[in-house]
Structure formats: structure tokens, C-alpha cells
Amino acid sequence: MYEDLKTIESKFSISDFPLNIAVEPSNYCNLNCIMCANDKLTRKRGVMDIRLYKKIIDEIAVENPYTRLWLDFYGEPLLQKFRLFYMIDYAVKKGLKNIDLNTNATLLNEEMAEMLLDSGITFISIDCDGFSPAVYEGIRVGANRDKVYKNIEYFLNLRRKKKVDMPIIEVKIMEMEENRDEIETVLNYWRERGAWTCLRRLISWGGKYNNGNGDAKIERVACGSGIGILPITWDGLAINCVMDCNADFPCGNVHESSIKEIWKKRNEFLVKHQLCHDWEALPELCHDCTDWMIVGEKRWDEKGMPIEKTYDKSSRMIDR
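It should be emphasised that the depicted structure is a prediction, and the values quoted were computed from it without experimental measurement.

Asks: Help me out: how do you make sense of unusual backbone geometry in this one?
Replies: With the exception of glycine, the majority of residues adopt a negative phi angle, and the majority of peptide bonds are in the trans configuration. In this structure, Pro167 follows Met166 across a cis peptide bond, with omega equal to 5°. Here Pro167 shows up in the loop between α6 (145-162) and β5 (168-175). Notably, Ala247 is not glycine yet its phi reads approximately 55°, a positive angle. Note that Ala247 resides in the loop between β8 (237-239) and β9 (250-253). With relative accessibility at 10%, the residue Ala247 sits in the buried group.

The following block contains the structure:
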């Protein structure tokens with residue numbers, strides 16, 4: 001079972017600085033997945049200026065080096081190639097303890113695998129939404145199932161060969177009607193090969209998709225997507241919620257303000273109302289959104305033992 005929503009909510013609190021910051025190296029992607037909002041973006045495409053990136057990292061290093069830095073938002077980070085490794089290296093040298101990314105693994109070739117294992121990154125989550133080519137490629141449109149599986153297997157084998165524990169490598173599947181019969185097969189396949197595994201429910205990206213997961217009978221609770229993470233777009237907009245793919249509801253601009261200043265105002269504008277269940281005072285984006293119903297995921301280590309995410313601001317996202 002997924003973790004109870006009220007149990008998750010009990011772990012939320014107002015913080016002086018974000019526990020998670022999603023930095024968007026770019027919003028370009030090389031796939032057109034059926035459940036993703038990337039193809040529905042109306043905002044401008046681009047790549048983050050490295051000077052802006054350094055400003056963000058410098059502040060995180062001072063305020064809380066344990067803040068989880070996610071090097072992705074709406075885009076595939078490995079498209080940045082060597083530039084991505086400069087970004088990781090800068091964060092490592094500044095002392096950040098949680099440097100994470102999500103990837104579709106289509107570009108995770110042997111060279112990329114070698115560099116990632118040497119980069120100092122701490123956590124990599126790989127999307128793998130099917131086992132058979134028909135199901136996988138029907139969901140991950142533009143990807144080759146066999147090539148991606150080969151890439152992930154090589155990555156896991158190389159980590160084993162190097163005898164290193166980090167980064168944690170997780171293979172994640174999003175539960176949907178198209179892959180429901182293959183979920184256990186995917187989880188068991190990657191667990192047997194030494195990966196952590198994760199199962200997530202289908203999200204609606206702020207109502208852009210009818211995911212069928214919402215249960216109107218559930219009593220509303222504070223939303224983790226709207227509390228614990230600050231997304232920053234490639235051009236510097238700080239966004240109220242990760243579901244706001246088009247950045248329609250920004251809460252600041254990191255070109256002009258510090259993250260801490262933006263976060264403080266956001267706490268008053270959004271987080272306080274979430275925790276007090278003052279739903280009418282929430283931004284328009286939240287009014288009809290159902291993604292608060294599906295916050296949380298199931299996660300297991302390579303032995304199939306359940307793993308819980310920590311909400312401690314001075315620890316790794318997932319302690320080994």
C-alpha cells in the first residue's frame with residue numbers, strides 16, 4: 001500500500017529554506033511520453049545560464065548544504081552532456097550533500113555511465129514504464145526499449161565493478177492502465193540486478209491529464225507537491241508547484257531575489273494555507289487539482305525491503 005496521506009501530511013512543516021530545490025538545466029526533452037506534460041509546454045524553451053546556476057548553488061551551500069538539489073524539472077538532463085557534469089561538479093565542490101536527478105536513460109551510454117559514477121552525484125532515478133517493447137515504447141514514445149534496458153544494465157554492472165555504493169540507482173515505474181500487467185515484472189527484473197525500485201501513481205500535472213486516480217471521497221490534506229519543493233525554471237522563475245509546467249504561477253525570480261526571500265513569501269502565500277487547510281486561499285492552480293491525493297510512492301532497496309524518505313533537513317534524502 002502507498003503511505004497514508006494523513007501520515008505524510010503529519011511530517012510537513014514550515015521551513016526557513018526549501019528541503020528540495022528542482023533546478024531546470026533546460027526544458028528540452030528527446031521523448032514524447034504519453035503521460036508527460038512536456039509536449040504541452042507553452043513557455044519558451046531554453047538552457048539555464050551557468051552564472052544563474054552558480055548563484056543558486058552558492059546560496060544553497062550557505063543556507064543548507066543538505067537541501068536536495070534535483071537537476072531536472074521539465075526536461076531530460078542528460079541532453080546537457082558535458083555541461084551537466086560541470087553543474088554536478090560545481091555543486092559537489094560547494095559541499096552540497098544531496099545531488100539528484102531523474103532521467104529516461106535513453107542517453108545513458110557507456111561514456112555517460114562512467115562520468116556519472118565519477119561525478120559525485122548521490123541519487124539517480126531512472127524512468128522505466130514497461131517491460132515488453134510494445135508496452136514500454138507505447139508509453140515512452142521515441143525510446144527504444146532494448147537500448148534503454150541495455151543502458152541501465154551496463155550502468156548497474158559498472159557500479160558493481162567499481163565497488164561503489166553511490167550513487168543510489170533507482171528504477172521507477174509509473175502505474176497506469178497501459179502497464180498495469182507488467183509492474184511486478186519490471187520491479188522484480190531490476191531488483192534482481194541490484195537497483196532500488198520505485199512505484200508511483202499517475203499524476204495529472206495540475207489537471208492537464210485525467211489520470212483517474214482521484215477519489216472525491218478522500219478528505220483533503222496538505223499537498224506535498226505544494227509544500228516541500230521549490231522548482232526553478234531555466235530562465236530563473238521560481239514556481240509555486242512542480243505541477244505548474246508552464247510557470248503560470250511564479251512566486252519570484254532568482255535573478256532578482258534570493259531563494260530564502262522567495263521561500264519566505266511563498267510560505268505566507270501558499271504553505272501556511274496548505275497546513276491550515278485554508279483551501280479557498282490557495283492559488284488558482286490548486287483549486288481543481290487532484291494531485292494532492294496521490295503524493296507519495298512505494299520504494300524498495302535492492303533486496304526488496306521498504307525504504308522511507310526522510311524529511312529531516314540535515315540528512316540525505318534517503319539514508320542507506
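Next comes the rest of the description.
Asks: Any chance you could explain the pattern of salt bridges here in plain terms?
Replies: If the charged atoms of two oppositely charged side chains come close together, the side chains can form a pair. One pass over the full model with this rule turns up 21 salt bridges. The salt bridge partner of Glu63 is Lys260, with a shortest N-O separation of 3.3 Å. Taken together, the positions of Glu63 in helix α2 (residues 50-63) and Lys260 in helix α8 (residues 259-275) put the pair 197 residues apart, joining distant regions of the chain. Assessed through its relative accessible area of 35%, Lys260 is described here as partly exposed. For the salt bridge of Arg193 with Glu192, the shortest nitrogen-to-oxygen distance reads 3.7 Å. On the basis of relative accessibility, which here comes to 28%, the residue Arg193 falls in the partly exposed class. Glu192 gets classed as exposed once you look at its relative accessible area, which sits at 65%. Residues participating in the shared-partner salt-bridge network are Asp127, Asp129, Arg140 and Lys172.

Asks: Would you explain the packing of α6 against helix α7 (residues 183-191) in this entry?
Replies: When two helices pack together, their arrangement is captured by the angle between the axes and the distance separating the axes. It is the contact of α6 with α7, at a shortest axis distance of 11 Å, that shows an interaxial angle of 35°. Contacts between α6 and α7 involve Tyr149, Ile152, Glu153 and Leu156 from the former and Val186, Tyr189 and Trp190 from the latter. Within the contact of α6 with α7, the residues separate by chemical class into 6 nonpolar, no polar and 1 charged.

Asks: Even after reading the chapter, I still don't get the environment of Asn240, so can you show me in this structure?
Replies: Along the chain, Asn240 falls in the loop between β8 and β9. When the C-alpha atoms of Asn240 and Gly95 are compared, they prove to be 26 Å apart, with 145 residues separating the residues in sequence. A polar side-chain atom of Asn240 sits 2.9 Å from the main-chain carbonyl oxygen of Phe249.

Rules of the game
Residues numbered from 1 in each chain as written. Predicted model: local features only at pLDDT ≥ 70, side-chain atom pairs only at ≥ 80, totals over all residues. Heavy atoms only, no water. Helix = DSSP H or I, 4+ residues; strand = E, 2+ residues; numbered from the N terminus. Buried < 20%, exposed > 50% of the residue type's maximum accessible area, 1.4 Å probe, protein only. Salt bridge = Lys/Arg side-chain N within 4 Å of Asp/Glu carboxyl O. Axes fitted to C-alpha atoms, helices over the stretch in contact; angles between N-to-C directions. Contact = heavy atoms within 4.5 Å. Nonpolar A, V, L, I, M, F, W, Y, C, P; charged D, E, K, R; others polar. Polar contact = N/O pair within 3.5 Å; in protein donor to acceptor, adjacent residues only side chain to side chain.

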